[in-house]
Amino acid sequence: QVQLVESGGGLVQPGGSLTLSCAASETIPNIYGMGWYRQAPGKQRKLIAQLYTGGSTYYEDSAKGRFTISRDNAKNTVFLQMTSLKPEDTGDYYCHITTQDGMAYWGEGTLVTVSP
């Protein structure tokens, strides 16, 4: 069973930066997309950034220009670099990987808190 483990969350002041990492326990074949979701307190989980196998990306409007998603194939890891963080970026961040044959994997989440 593939496991995804996120890390890099924490407490940061507004305007600060964090880089989240998501490491897969083994190589996942035929990946379709690798994404990061955020679940803010009391709200539904929503897609923040997605990296597709072909190299294209998607960013939720609030993340554009501030967040960058990338991957390291050799380490089975996907990253989310977050800059100019705002209090509204606070939430649990989840890694999500889907494959071309319909498999989907979730990590356990890592908490990001943006506060003075």
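Look a little higher up for the structure.
This one's a predicted model, so the numbers in the text were calculated from it and none came from an experiment.

Trainee: What should I look at first to understand the overall build of the protein chain in this one?
Mentor: Summing up its helical and strand segments, the protein chain has 0 helices and 11 strands in all. Along its sequence from the N terminus, the protein chain presents helices and strands in the succession β-β-β-β-β-β-β-β-β-β-β. Rg of the C-alpha trace for the protein chain: 13 Å, near the compact-globule value of 13 Å for 116 residues, within the 12% margin. By principal-axis analysis of the C-alpha atoms, the protein chain measures approximately 40 × 25 × 25 Å.

Trainee: I tried to follow the pairing of strand β7 (residues 67-72) on my own but got confused; where do I start?
Mentor: Consecutive side chains along a regular strand alternate between the two faces of the sheet. Judged from the 6 bridges that link them, β7 and strand β8 (residues 77-82) form a sheet pairing that is antiparallel. Its bridge partner being in β8, Thr68 is matched across the sheet by Gln81. The loop that links β7 with its antiparallel partner β8 comprises 4 residues; one of these, Asn76, has a positive phi angle of about 50°.

Trainee: It is not clear to me how the state of the cysteines should be interpreted in this structure. Could you clarify?
Mentor: Put plainly, a disulfide is one covalent bond tying together the sulfur atoms of two cysteines. Taken as a whole and judged by the stated rule, the model has 1 disulfide. There is a disulfide in this structure between Cys22 and Cys95, and the S-S distance comes to 2.2 Å. Around the S-S axis, the bridge from Cys22 to Cys95 shows a dihedral of about -80° and counts as left-handed. Residue Cys22 is found in strand β3 (residues 18-24), and its partner Cys95 is found in strand β9 (residues 91-99); the two are separated by 73 residues along the sequence. Residue classification places Cys22 among the buried positions, given a relative accessible area of 1%. Overall, the relative accessible area of 0% leaves Cys95 in the buried class.

Trainee: Quick question: what am I supposed to make of the side chain of Arg38 here?
Mentor: Within the secondary structure layout, Arg38 lies in strand β4 (residues 31-39). A distance of 3.1 Å separates polar atoms of two side chains, one belonging to Arg38 and the other to Tyr93. In this view, Arg38 contacts Gln44, Arg45, Lys46, Ile48, Ser62, Phe67, Glu88, Asp89, Thr90, Gly91, Asp92 and Tyr93; residues no more than four positions away in its chain are not counted.

Trainee: Is there a simple way to think about the side chain of Gln50 in this case?
Mentor: Residue position: Gln50 is located in strand β5 (residues 46-52). Only 3.4 Å separates the side chain of Gln50 from the backbone nitrogen of Gly35, close enough to count as a polar contact. With near-sequence residues (within four places) excluded, Gln50 lies in contact with Gly33, Met34, Gly35, Ser56, Thr57, Tyr58 and Ile69.

Trainee: Quick question: what am I supposed to make of the nonpolar core here?
Mentor: Nonpolar side chains tend to gather and get buried jointly when the protein is soluble and globular. Residues Leu4, Trp36, Phe67, Leu80 and Met82 are the most contacted members of the largest nonpolar core, which totals 28 residues. Broken down by element, the residue count for this core peaks at 4 residues, all from β3. In this view, Leu80 contacts Leu18, Thr19, Leu20, Trp36, Ala49, Phe67, Thr68, Ile69 and Tyr93; residues no more than four positions away in its chain are not counted.

The rules behind the values
- Residues numbered from 1 in each chain as written.
- Predicted model: local features only at pLDDT ≥ 70, side-chain atom pairs only at ≥ 80, totals over all residues.
- Heavy atoms only, no water.
- Helix = DSSP H or I, 4+ residues; strand = E, 2+ residues; numbered from the N terminus.
- Rg over C-alpha atoms; globule rule 2.2 N^0.38 Å.
- Pairing = 2+ DSSP bridges.
- Disulfide = S-S within 2.5 Å.
- Buried < 20%, exposed > 50% of the residue type's maximum accessible area, 1.4 Å probe, protein only.
- Polar contact = N/O pair within 3.5 Å; in protein donor to acceptor, adjacent residues only side chain to side chain.
- Contact = heavy atoms within 4.5 Å.
- Core = buried A, V, L, I, M, F, W, Y, C linked by side-chain atoms within 4.5 Å.

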